[in-house]
Amino acid sequence: MKILLTGKNGQVGWELARALEALGEVIAFDRAGLDLAVPDQIVSVVRSARPTCSSMQQPIRQSTARKANRTPPTPSMQPRVAVLAEEAKRIRALLVHYSTDYVFDGTKDAPYIEEDRPNPLNTYGRSKLAGEQAIHDIDCAHLILRTSWVYSARGKNFLLTIRRLLQEKRELRVVSDQIGAPTSARGLADATAELLRRHGAAALGEARGIYHATTSGSTSWHGFAREIARLERPDSPAHVVPIASSEYPTPARRPANSRLSNEKLHRCFGVALPRWEASLEACHAMSVKTRDLTEAEEPGNPTRL
């Protein structure tokens with residue numbers, strides 16, 4: 001299997017590069033090597049690499065969502081992911097694309113299923129929905145994996161932000177009326193690799209469509225932060241105070257209910273991610289190990305070899 005991976009330095013991309021190594025040749029690009037906002041680069045890279053089975057795209061950061069995924073004002077132009085889909089179709093490769101819970105408005109009382117009607121509240125959600133629709137219309141062999149609340153031991157994310165704040169404050173105020181499933185980048189990457197290992201690109205292409213892929217269980221941002229605090233300082237955890245979304249306004253509206261049902265993914269492929277608490281504990285342990293190794297290598301540190 002020959003796999004083209006974009007965004008190799010992102011949270012999910014970094015984990016994918018490692019999870020996919022056992023499956024074959026991984027040709028990985030960062031933004032400098034492949035800017036998804038430049039269609040000609042996409043065409044050139046795909047035609048040069050010629051992935052035989054699978055082409056991957058990591059989630060695009062919110063700050064570049066408009067540039068990379070939206071439909072520009074010119075009617076003849078499509079979302080940038082459409083270029084990747086067209087190239088995948090031309091060479092009969094499988095495209096695995098990651099989308100988001102933000103395609104929904106969060107008003108449903110139960111977890112969202114794949115057939116629920118999208119209604120994004122913000123630009124990021126609209127841009128990701130446009131990417132989904134473009135892939136569907138082009139109809140290349142594809143899997144669209146919707147996920148939520150992604151974090152990892154590196155980069156910028158909720159876990160690392162809370163860990164930093166715990167070093168600065170004894171009390172944190174965190175939103176408690178937005179519910180979802182914190183999903184580790186490693187868990188998502190491992191699930192993707194398991195899909196390809198078990199079923200192969202050809203069979204996954206035949207099962208083309210949208211699948212939800214998050215950890216099991218759910219919590220609020222407050223519950224997520226409280227668990228991080230417990231892991232970070234088990235002897236004297238910080239006081240994490242629940243607040244309403246109205247007390248913490250953000251530039252973009254966010255869905256109150258981000259829960260996604262993973263039943264279809266498990267029913268069709270037998271793949272399931274672990275509970276969010278277990279994933280967080282594993283990720284936290286890895287981040288602590290990484291932090292300790294980094295500190296040990298700092299000049300002047302007595303433990304440095």
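Predicted model only: the values in this text are computed from it and were never measured.

Conventions we followed
Residues numbered from 1 in each chain as written. Predicted model: local features only at pLDDT ≥ 70, side-chain atom pairs only at ≥ 80, totals over all residues. Heavy atoms only, no water. Axes fitted to C-alpha atoms, helices over the stretch in contact; angles between N-to-C directions. Helix = DSSP H or I, 4+ residues; strand = E, 2+ residues; numbered from the N terminus. Parallel < 35°, antiparallel > 145°, perpendicular 65-115°, else oblique. Left-handed = near helix turned anticlockwise from the far one by under 90°. Contact = heavy atoms within 4.5 Å. Nonpolar A, V, L, I, M, F, W, Y, C, P; charged D, E, K, R; others polar. Expected span 1.5 Å × (residues − 1). Buried < 20%, exposed > 50% of the residue type's maximum accessible area, 1.4 Å probe, protein only. pLDDT = per-residue confidence, 0-100. Polar contact = N/O pair within 3.5 Å; in protein donor to acceptor, adjacent residues only side chain to side chain. Core = buried A, V, L, I, M, F, W, Y, C linked by side-chain atoms within 4.5 Å. Salt bridge = Lys/Arg side-chain N within 4 Å of Asp/Glu carboxyl O.

Enquirer: So what about the packing of helix H1 (residues 11-19) against helix H7 (residues 185-206)? Which residues, and what values?
Expert: Interaxial distance between H1 and H7 falls to 8 Å at its minimum, and their mutual angle equals 45 degrees. Between H1 and H7, the interaxial angle falls into the category oblique. At the point where H1 passes H7, the crossing takes the right-handed sense. Two secondary-structure elements touch here, H1 through Gln11, Val12, Glu15, Leu16 and Ala19 and H7 through Ala185, Arg186, Leu188, Ala189, Asp190, Thr192 and Ala193. Grouping the constituent residues of the contact of H1 with H7 by class yields 7 nonpolar, 2 polar and 3 charged.

Enquirer: Kindly report on helix H8 (residues 221-232), identifying the contributing residues and their values.
Expert: End to end, H8 covers 16 Å across 12 residues, agreeing with the expected 16 Å (1.5 Å per residue, within 8%). Within H8, 10 of the 12 residues are buried, which leaves the element mostly enclosed by the surrounding structure.

Enquirer: Residue-level account of unusual backbone geometry, with values.
Expert: Unusually for a residue other than glycine, Arg50 sits at a positive phi of about 45 degrees. With respect to the secondary-structure elements, Arg50 resides in the loop between helix H2 (39-49) and strand E3 (54-57). For Trp149, which is not glycine, the phi dihedral falls at a positive 45 degrees. Its location among the elements puts Trp149 in the loop between strand E5 (142-147) and strand E6 (150-151).

Enquirer: Residues and numbers for the confidence of the model for the protein, please.
Expert: Looking at the protein, the pLDDT average stands at 86 and 86% of residues meet or exceed 70. Counting contacts from residues 58-78, a segment whose pLDDT is below 50, to residues more than four positions away or on other chains yields 48 contacts. In this model residues 293-305 is a low-confidence stretch, pLDDT under 50, and it forms 7 contacts with partners more than four residues away in sequence or in other chains.

Enquirer: I'd love a proper account of the side chain of Asn122, names of residues and values included.
Expert: Relative to the assigned elements, Asn122 resides in the loop between strand E4 (94-100) and helix H5 (123-138). By relative accessible area, Asn122 is classed as buried at 5%. Here the side chain of Asn122 touches Tyr124 through a polar contact of 3.3 Å, landing on its backbone nitrogen. Among the polar contacts made by the side chain of Asn122, one reaches the main-chain carbonyl oxygen of Arg253 at a distance of 2.6 Å.

Enquirer: Tell me what's going on with the environment of Ala193, and back it up with residues and numbers.
Expert: Examined against the element boundaries, Ala193 turns out to sit in helix H7. With 170 residues separating them along the chain, Ala193 and Leu23 place their C-alpha atoms 7.7 Å apart. Setting aside chain neighbours within four positions, we find Ala193 in contact with Ala19, Leu20 and Leu23.

Enquirer: Quick rundown of the environment of Leu23? Include the residues and the values.
Expert: Take Leu23: it is sitting in the loop between H1 and strand E2 (25-28). When the C-alpha atoms of Leu23 and Gly200 are compared, they prove to be 9.7 Å apart, with 177 residues separating the residues in sequence. Not counting residues up to four positions away in its chain, the partners in contact with Leu23 are Met1, Ile3, Ala193, Leu196 and Arg197.

Enquirer: Help me get a handle on the nonpolar core, residues and values and all.
Expert: The biggest cluster of nonpolar side chains holds 29 residues, and the ones touching the most others in it are Leu195 and Phe269. For this core, the secondary-structure elements that each account for two or more residues are strand E1 (2-5), H1, E4, E5, H7 and helix H9 (263-269). A total of 9 residues in this core trace back to one element, the largest contributor, which is H7. Among residues more than four places away in sequence, those in contact with Leu195 are Leu143, Leu145, Gly200, Leu204, Leu265, Phe269 and Val271. Leu34, Val81, Ile135 and Ile144 belong to the second largest nonpolar core, which has 22 residues in total.

Enquirer: So what's going on with the pattern of salt bridges? Which residues, and what values?
Expert: Taken as a whole and judged by the stated rule, the model has 15 salt bridges. Close ionic contact of Glu87 with Arg47 constitutes a salt bridge, the shortest N to O distance being 2.9 Å. Taken together, the residues Glu87 in helix H4 (residues 80-91) and Arg47 in helix H2 connect sequence positions 40 residues apart. Judged by its relative accessible area of 44%, Arg47 falls in the partly exposed class. Taken together, the shared-partner salt bridges in this structure form one network comprising Arg47, Glu87 and Arg90.

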